[in-house]
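# Survey of secondary and tertiary structure
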Amino acid sequence: MTEDFLPIKGMDHVEFYVGNAKQAAHFYRTGFGFANTAYSGLETGNRKSASYVMEQGNIRLVLTSALGPDHPIARYAHLHGDGVGVIAMEVPDAAKSYEESTHRGATGVIPPTEEKDDFGVYRYSAIQCYGDTIIKFIDRSDYTGAFAPGYVARESDAERNKNGRIKGVGLAAIDHMVGNVELGAMNRWVDFFANTMGFSQLLHFDDEDISTEYSALMSKVMQNGNGKVKFPINEPAEGKKKSQIQEYLDYYYGPGVQHIACSTGDILATVTQLQENGIEFLRVPTTYYDVLEERVGKINEPVEKLAELGILVDRDEEGYLLQIFTKPVEDRPTVFYEIIERHGSRGFGKGNFKALFESIEREQALRGNL
Ligand code: FE2
């Protein structure tokens, strides 16, 4: 076993660049159950942008919008719509992460930087990822502030669990984060994660696995040394009509993050609450549930309840998983969420691809994009 040259403690945060962070924060609070725990903006001396740190379980999202038209974040949101600008990982040494990855061919975006305030030293660096997305390395081991220098803590009366995390609707952690890249670019990004960051390939799906009559894609799943971070990468494949990945690329105006999968320990309770909050999910035909037990065997959850909520099930040699996908959370058919509960399976729901993609195609057809 070779030493991991880029050790990662886990995901630190995901930063969205949006048109109106104040309204997005409200959506993530009332829809998805996040609490606003820190803020940066005009009131804190930030003259250029406004950011809301939203937390739930071990998940931290940052929603940022620009305060003027020439800010790079304004240009990002203008081109891509609301989307993920930054994938941030917590590392033991941000300078070493930058040196190791750029030395191996990654393009540097932010050289190792230190910011200090009354709460200590916050260290970070960043490299370029697919499209206009960047990967940030963050070392907060000498920092005790709310989020980062320039942010103030926001008190929330949201309920917390035993370990002090925001309970919300029960979303616990980011299970995986998927990127969509152009036709023919998947292997280049697989090599990027392997060569510059020391990731290895966990799984791959070809267009035989993932094709319906119309919509095809190929996918490879990359994970870091300790398996804490998983980044599947999709590219469109030739089908009779437009691939769902191509629809994303057309509306995002380039590659970017397609979906963020959040784990929960109780998907029935989580999805019930999300649906009550008005979050919209993809649905499969009810016939999916007629043959479910035949396909996946015995599971702990009542099938009627899964059918009522639209939750999908898949099984492999190691166990089973439950999953459900939201509709895109913007007007453009781009970024969406997955809610997942794992019972042993480390897969991604391959057995659901067909039913799911037929459901996606029905939505694509409604949008006039099939
Ligand atoms: Fe997924």
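Below is a summary of the structure that appears in this document. (Residues numbered from 1 in each chain as written. Predicted model: local features only at pLDDT ≥ 70, side-chain atom pairs only at ≥ 80, totals over all residues. Heavy atoms only, no water.)

## Comments concerning empty space enclosed by the protein
The criterion, for reference: Lining residues are defined by having an atom within 4 Å of a point belonging to a cavity or pocket. Those points lie on a 1 Å grid over the protein atoms alone, cavities being sets where a 1.4 Å probe fits but cannot get out and pockets being open sets with protein on both sides within 12 Å along at least five of seven lines. Grid points are joined across faces, edges and corners, and a volume is the space filled by probe spheres set on the points. Helix numbering and strand numbering both begin at the N terminus, where a helix is a DSSP run of H or I of at least 4 residues and a strand a DSSP run of E of at least 2.
Counted under the stated rule, the structure contains 3 cavities of 30 Å³ or more. Estimated volume of the largest cavity: approximately 260 Å³. As for the largest cavity, its lining consists of 22 residues, of which Asn 234, Gln 258, His 259, Phe 353 and Phe 357 are closest to the centre. Taken together, the elements giving at least two residues each to the lining of the largest cavity come down to strand E10 (171-180), strand E12 (216-223), strand E13 (230-237), strand E14 (256-264), strand E16 (319-325), strand E17 (336-343) and helix H10 (353-366). The biggest single contributor to the lining of the largest cavity is H10, with 4 residues. Looking at the second largest cavity, it is lined by 14 residues, and the ones nearest its centre are Gln 244, Pro 328, Phe 336, Ile 360 and Arg 367. If you list the elements that add at least two residues to the lining of the second largest cavity, you get helix H5 (244-252) and H10. At 3 residues, the largest contribution of residues to the lining of the second largest cavity is made by H5.

## Comments concerning H10
What counts, and what does not: Each residue after the first adds 1.5 Å to the expected span of a helix. Buried means the residue's accessible area, taken with a 1.4 Å probe over protein chains only, is under 20% of the maximum for its type, while exposed means over 50%, and partly exposed covers the values in between. Contact criterion: two residues are considered in contact whenever any of their non-hydrogen atoms come within 4.5 Å of each other.
Here H10 is 14 residues long and its end C-alpha atoms lie 20 Å apart, about the 20 Å a rise of 1.5 Å per residue gives. Those residues of H10 lying buried are Phe 353, Ala 355, Leu 356, Phe 357, Ser 359, Ile 360, Glu 361, Glu 363 and Gln 364. On its buried face, H10 is in contact with strand E11 (200-205), E12, H5, helix H7 (287-290), strand E15 (312-316) and E16. Two residues or fewer after H10 comes Gly 368, characterised by a positive phi angle close to 75°.

## Here's the deal with the pattern of salt bridges
To keep it simple, the criterion reads: One side-chain nitrogen of Lys or Arg within 4 Å of one carboxyl oxygen of Asp or Glu is enough to make a salt bridge.
Counting across every chain of the model gives 17 salt bridges. Here Glu 363 and Lys 327 are joined by a salt bridge, their closest N and O atoms 3.6 Å apart. Of this pair, Glu 363 sits in helix H10 while Lys 327 sits in the loop between E16 and E17, and the two are 36 residues apart along the sequence. Judged by relative accessible area, Lys 327 falls into the partly exposed class, the value being 23%. Through salt bridges with shared partners, one network takes in Glu 114, Lys 116, Arg 123, Asp 139 and Asp 142.

## Thoughts on the coordination of the iron ion
Using the following cut-off: Ligating atoms shown are N, O and S within 2.8 Å of the metal, or 3.2 Å for Na, K and Ca, and water is not included, meaning a site may look less than complete.
In this structure, His 176 (NE2), His 259 (NE2) and Glu 338 (OE) serve as the protein donors to the iron ion, at separations of 2.0 to 2.2 Å. Every donor residue of the iron ion comes from the same chain, spaced as H-x82-H-x78-E. Here His 259, found in strand E14, pairs with Glu 338, found in strand E17; they are 79 residues apart in sequence, far enough to count as distant. Taken as a pair, His 259 and Glu 338 share a single burial class, namely buried.

## Observations regarding the sheet that holds E14
So the rule is basically this: At least two DSSP bridges between two strands are needed for those strands to be called paired. Note on geometry: axes are lines fitted to C-alpha atoms, helical ones only across the stretch in contact, with angles between N-to-C directions running from 0 to 180 degrees.
Sheet architecture is open: 8 strands sit in the order E11-E12-E13-E10-E14-E17-E16-E15, paired in mixed fashion. A strand with exactly one partner marks an edge of an open sheet, and here the two such strands are E11 and E15. For this sheet, the mean angle separating the axes of adjacent strands, direction not counted, is 25°. Pairing analysis gives 5 bridges linking E14 to E17, with the strands arranged parallel. Residue pairing in the sheet places Ser 263 in a bridge with Ile 340 of E17. Relative to the sheet, helix H4 (residues 186-197) contacts E11, E12 and E13, its axis offset from that of E12 by approximately 5°.

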